[in-house]
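Structural overview for review
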2 protein chains.
Amino acid sequence: MSENVIGMDVLFNPGSVAVIGASEKPEKLGSHVMNSLIKGGFKGEIIPVNPYSDTTMGLKTYSSISDYGKQIDMVIVAVPAKLLVEVFRECADSGVKGVVLITAGFKEIEDSSGIELHNTIGEIADKAGICVIGPNTFGMINFHASLNASFTPEFSRVKKGTIALVSQSGGISHLFGFMAMRTDVGFSKIIGLGNRLNIDFAEVVEYLMDNDPDTKVLMLYMEGIDNPGRLMEIFKKHRGKKPVIINKTGSSEKGDQASKSHTGSMAGRHEIYMGAFRQAGILAIDDTENLLDSAKALAGCPELEGNGVAILSGQAGPGMAACDVCEANGLKIVDFQNHTQGRINQNLPPLALRSNPVDMGPAWYDAVASREIIKAVMDDENVNGILILIMFASANVGVVNGISHLLMNWKQKKPLVTCIYAPPGIWDREMEHLEISGALVNFPSPERAARAMASLWRYKNAIER
Amino acid sequence: MSENVIGMDVLFNPGSVAVIGASEKPEKLGSHVMNSLIKGGFKGEIIPVNPYSDTTMGLKTYSSISDYGKQIDMVIVAVPAKLLVEVFRECADSGVKGVVLITAGFKEIEDSSGIELHNTIGEIADKAGICVIGPNTFGMINFHASLNASFTPEFSRVKKGTIALVSQSGGISHLFGFMAMRTDVGFSKIIGLGNRLNIDFAEVVEYLMDNDPDTKVLMLYMEGIDNPGRLMEIFKKHRGKKPVIINKTGSSEKGDQASKSHTGSMAGRHEIYMGAFRQAGILAIDDTENLLDSAKALAGCPELEGNGVAILSGQAGPGMAACDVCEANGLKIVDFQNHTQGRINQNLPPLALRSNPVDMGPAWYDAVASREIIKAVMDDENVNGILILIMFASANVGVVNGISHLLMNWKQKKPLVTCIYAPPGIWDREMEHLEISGALVNFPSPERAARAMASLWRYKNAIER
């Protein structure tokens, strides 16, 4: 393992974490960082550092890193910029392997002293082999180590999962975290790159590809980077190993201008980025909700082997809405095999919507018939993926109950994406059970389910091109 | 008022409602209808009709409509098709003005007896001046009369508001209802047209335009209709009176085929519909979530008088994401007036993102500075609409508190659309208060906020073209 990889291993899985600027005062970021570590359930040692306190949240507090005396694995820094050179020298002297540098206000400021400071601490870190997340980051979270190294304690409410988010924006990282809390998407890591002292997309992507078994899908948010060539090489090297999906802002004139100013790096020419992503086999998605939906589908579904899908709905309308999105995105609403169509016809009255898309509505108070229709379609060799779209409430919860065992036992032999949707409080726990056990991947609208299925297909095309 | 209008007034605001097929057995739709009426808090008289029961849910039950003896305003029918001719004859004899006909299984079935039945009861209804919602509908809800005339009691959980949904799909109506429950959107009416015996889009739209002060925005879901020309005339006649937005499925080959079969009416040629909508001054939106978001913005915002918008964000990333969507949809991220820019510069360090879009991040722990920036932009004459995008949690709830009074007092002098977003449980009640009081219109992603703002502009163009 390279020094970098060892450093990142320690950074994400430290035995001990010091908080420089630890505090109990809620107006200080250091207090929120302490809350994140403690309430997030970090199992290693937490070492508050603050020369003006003896204890912080019940923990013995040290005046400096060297005052602690023993080896410290990782350090979270939340003190003003002017103290950073001293802090980094101490980190180097004490053998610290990783730093999360929350402090903001240097490279992004229109003032040359900021760039000098950036370079000075960069040199210290590089020489000492310290991996630095930040500066100007909210932090990072490794859910599998219960390590919330951020100033947002609420990130610990996000479920443990297999999606890693690597993001150049704290705001977007928080957005995804809050979305995940509300939709039960699970993350392995959330990493706020900030102004990237020595850890950039390239380093993190390589680490997640080669050294992080907890991560199955990489979800990236990018504004603009200095050295896209190096990152693209890493993408190409790992093409198809784990899905990579990316949301890059800057398609608009003002968005691109803002991107250039904000990141202090080359943005510009959205089309060039898009072309590079295509060549590198990664999938660009221009909407945050769709990015998270797509990550959820890629993490939860097997590969979509062809573009033939079946649409089974409890009511005709949602099925039609899904048809429109599927066809517009390269999926095909395939004809069923003859024996499949025969089995469906046995279980539905002579309605018009017995061919794909199938409106199961007329069988909707008959769980056996609904089950038979779904089973027939699961067996159909023309069908590569299945969409099931059902709106229900207390009046028809019986049928949803009646098909849940079938879905559970089928175990996603082909991608099964659903919009099974009810008022809050109805069937919530059953749906959570089906989702957690991996039986299906559920979305809150027919179009979002269809777009997620389409992303499976677009991803397959992206890596095979 | 025409007979039709009088009939629809009674239909939506009845003093007495009979339920034909009332039951206590949960496997019967009539039991769910009874629950809807009772639990929905209907204040008028509820008259269960069922020849095999003496009481239903504690209410005296009659063997038939005529058995009740007195005048009945409206009747909800949930009995098999074979009983319908008799039921309609009794309704006609008893002076019933409105029927919600839930019973399914005739015109949509591939069998000529269904069409005959449809025509027979249609003649009885027309001759007696009875307005019929359905057949093959889940029902309708008039939230301002606490009248839930549907088989889904949970619809009563949707908040009272000013958006009317008129829908050709029960599934899509339920979808919107469930979305509304989760996002606090309020409805005036939800009307499931079903197979449209004598009440079609045209009748309902005309009624909502002319005779329903509770409704400010019309939101339509359409698969295909027999006589689009008549509806388009009504749209044109009322152009600009109340916003009309529509989601029409069938843009795909399979979606369109399904639409033709399912509605038993002419669908076909999506582009022709789109052209007709454009000419009639109504806005077509091809996604259910975006349709509801747009309705929410149209109901909650004043008119967007020009396409110049300001984007103010708590973090740069969400602002850039919004820029991309705004520019792609015809909005302009305008330059501020000189004195506005001066006021902003006084309140932000010399960051790059002080011009539009403004990253308020560096003022993010300073409520006074954030307020000054927002005030300056509110006063700017170049700015027609404002987007505020803030992700926050416990660490920075103070600033959001600090700007809420300003938003409250400003009272949407120009459209103010936001994505102010936090983990569940943080600032929920404050946000609900701001939304209910009409101070802002909030969405769960920067792109959705931007698309909603864009819909205000697209609607203005639609009516002025």
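A few words on the overall build of chain A. Looking only at helices and strands, chain A has 17 helices and 20 strands in total. Computed over the C-alpha atoms, the radius of gyration of chain A is 25 Å, within 12% of the 23 Å expected from 2.2 N^0.38 for a compact globule of 465 residues. Across its three principal axes, chain A shows a C-alpha extent of roughly 80 × 50 × 40 Å. Here chain A holds 465 residues, and the buried ones make up 61% of them. A separation of at least 24 residues holds for 77% of the contacts in chain A among residues at least 6 apart in sequence.

One recurring pattern in soluble globular proteins is that nonpolar side chains are buried together. Judged by nonpolar contacts, the single largest core of 319 residues is most densely connected at M453 of chain A together with M453 of chain B. Other than its neighbours up to four places away in sequence, M453 of chain A contacts A297, V309, C326, L331, G385, L387, P415 and V417 of chain A.

Once that is clear, we can look at helix α4 (residues 84–93) of chain A. All names here are of chain A. For α4, the complete set of buried residues consists of L84, V87, F88, E90 and C91. Buried residues of α4 fall within an arc of 160 degrees about the axis and therefore sit on the same side. Those residues of α4 that are exposed and angled more than 90 degrees off the buried face are E86 and D93. On its buried side, α4 packs onto β1 (16–20), α3 (65–68), β5 (74–77), β6 (98–101) and α5 (112–128). A positive phi of about 75 degrees marks G95, the residue just after α4.

A few words on the domain arrangement of chain A. Residues and elements named next belong to chain A. Looking at chain A, the domain boundaries give domain 1 (1–136), domain 2 (158–300) and domain 3 (302–464). Taking only C-alpha atoms, the centre of domain 2 and the centre of domain 3 are 30 Å apart. At the interface, 16 residues of domain 2 touch 16 residues of domain 3. In terms of residue count, the dominant contributor to the side of domain 2 that touches domain 3 is helix α11 (residues 288–300) (seven residues). Its residues placed into classes, the side of domain 2 that touches domain 3 shows six nonpolar, five polar and five charged.

With an RMSD of 0.0 Å, the fit of chain B onto chain A corresponds to turning through 180 degrees and sliding 0.0 Å along the axis. On the angle and the small slide along the axis, the relation comes out as a two-fold axis. By C-alpha distance to the rotation axis, the residue of chain B lying nearest is R182 of chain B, at 5.3 Å. Looking at the interface residues of chain B, 100% of them are also at the interface in chain A, so both copies use one shared face.

A few words now on the sheet that holds strand β2 (residues 45–49) of chain B. Residue and element names in this part refer to chain B. The strand order across the open sheet formed by five strands is β2-β1-β5-β6-β7, and the pairing between neighbours is parallel. Edge positions in the sheet fall to β2 and β7 (131–133), since each has one partner strand and no second. Ignoring which end each strand starts from, the neighbouring axes of this sheet average 20 degrees apart. Judged from the four bridges that link them, strand β1 (residues 16–20) and strand β5 (residues 74–77) form a sheet pairing that is parallel. Opposite I20, over in β5, you have V77 as the bridge partner. Sitting on the sheet, helix α1 (residues 3–12) touches β5, β6 (98–101) and β7, and the angle it makes with β7 is about 50 degrees.

Below, the discussion takes up the sheet that holds strand β12 (residues 217–222) of chain B. Residue and element names in this part refer to chain B. The mixed open sheet is built from seven strands, whose spatial order is β9-β8-β11-β10-β12-β13-β14. The open sheet has two edge strands with one neighbour each: β9 (147–150) and β14 (283–284). Relative to β14, strand β13 (residues 244–248) is paired through two bridges, and the arrangement is parallel. Bridge pairing in β14 places I245 opposite L283.

Glancing now at the environment of Y421 of chain B. Turning to its location among the elements, Y421 of chain B is positioned in strand β19 (residues 416–421). Given 27 C-beta atoms within 10 Å, Y421 of chain B falls into the buried group. Residue contacts for Y421 of chain B: discarding those within four places in its chain leaves L175 and F178 of chain A together with M391 and P444 of chain B.

All names here are of chain B. Residues G98 and V100 of β6 are buried on one face, and the alternating residues V99 and L101, pointing to the opposite face, are buried as well. Between the parallel pair β5 and β6, the chain is carried across by helix α4 (residues 84–93), and the sense of this crossover is right-handed. Of the strand pairs in this sheet, β6 and β7 are connected by three bridges, and their pairing is parallel. Among the inter-strand pairings, V99 is bridged to a residue of β7, identified as V132.

Residue and element names in this part refer to chain B. Where α1 meets helix α7 (residues 201–211), the axes come as close as 11 Å, and the angle between the chain directions of the two elements is 80 degrees. One element, α1, and the other, α7, form an angle in the roughly perpendicular class. Together, N4, V5, M8 and D9 of α1 and E203, Y207 and N211 of α7 make up the contact between the two elements. Here the contact of α1 with α7 is built from residues that sort into three nonpolar, two polar and two charged.

Residues and elements named next belong to chain B. For helix α13 (residues 338–347), every residue scored as buried is listed here: T340, I344 and N347. Considered in projection along α13, the buried side chains sweep an arc of 65 degrees and stay on one side of the axis. Opposite its buried face, α13 presents the exposed residues N338, H339, G342 and Q346, each directed more than 90 degrees away.

Let us look at the interface of chain B and chain A. Facing the 67 residues of chain B at the interface are 67 residues of chain A. No other element matches helix α12 (residues 316–328) of chain B, which puts 10 residues into the side of chain B that touches chain A. Here the side of chain B that touches chain A is built from residues that sort into 30 nonpolar, 22 polar and 15 charged.

Our next topic: the environment of L175 of chain B. Tracing the chain through its elements places L175 of chain B in helix α6 (residues 170–183). Dropping the residues within four chain positions of it, L175 of chain B is found in contact with P318, M391, Y421 and S445 of chain A together with T288 of chain B.

Consecutive residues of a regular strand have side chains that alternate between opposite faces of the sheet. Residues and elements named next belong to chain A. One ladder, built from five bridges, connects β1 with strand β2 (residues 45–49); its direction is parallel. Residue pairing in the sheet places V19 in a bridge with P48 of β2. In the classification by handedness, the crossover that spans β1, the intervening helix α2 (residues 29–39) and the parallel β2 is right-handed.

A word on unusual backbone geometry. Here the bond from G134 of chain A into P135 of chain A is cis, since omega is 5 degrees, no more than 30 degrees from zero. By the element assignment, P135 of chain A lies in the loop between β7 (131–133) and β8 (139–142).

Let's shift gears to the packing of α7 of chain B against helix α8 (residues 228–237) of chain B. Residues and elements named next belong to chain B. One way to put it is that α7 packs onto α8 with a least axis distance of 9 Å and a crossing angle of 10 degrees. Classified by the angle between their axes, α7 and α8 sit roughly parallel to one another. The segment α7 lies against α8, with F201, A202, V205 and E206 engaging R230, L231 and I234. Residues belonging to the contact of α7 with α8 are distributed by class as follows: five nonpolar, no polar and two charged.

The rules behind the values
- Residues numbered from 1 in each chain as written.
- Chains lettered and ligands numbered in written order.
- Predicted model: local features only at pLDDT ≥ 70, side-chain atom pairs only at ≥ 80, totals over all residues.
- Helix = DSSP H or I, 4+ residues; strand = E, 2+ residues; numbered from the N terminus.
- Rg over C-alpha atoms; globule rule 2.2 N^0.38 Å.
- Buried ≥ 20, exposed ≤ 12 C-beta atoms within 10 Å, placed from the backbone.
- Contact = placed C-beta atoms within 7 Å.
- Core = buried A, V, L, I, M, F, W, Y, C linked by C-beta atoms within 7 Å.
- Arc of directions from axis to C-beta.
- Domains from an automatic or database assignment.
- Nonpolar A, V, L, I, M, F, W, Y, C, P; charged D, E, K, R; others polar.
- Least-squares fit on C-alpha atoms with pLDDT ≥ 70 in both.
- Pairing = 2+ DSSP bridges.
- Axes fitted to C-alpha atoms, helices over the stretch in contact; angles between N-to-C directions.
- Right-handed = clockwise from strand over helix to strand, strands pointing away.
- Parallel < 35°, antiparallel > 145°, perpendicular 65-115°, else oblique.

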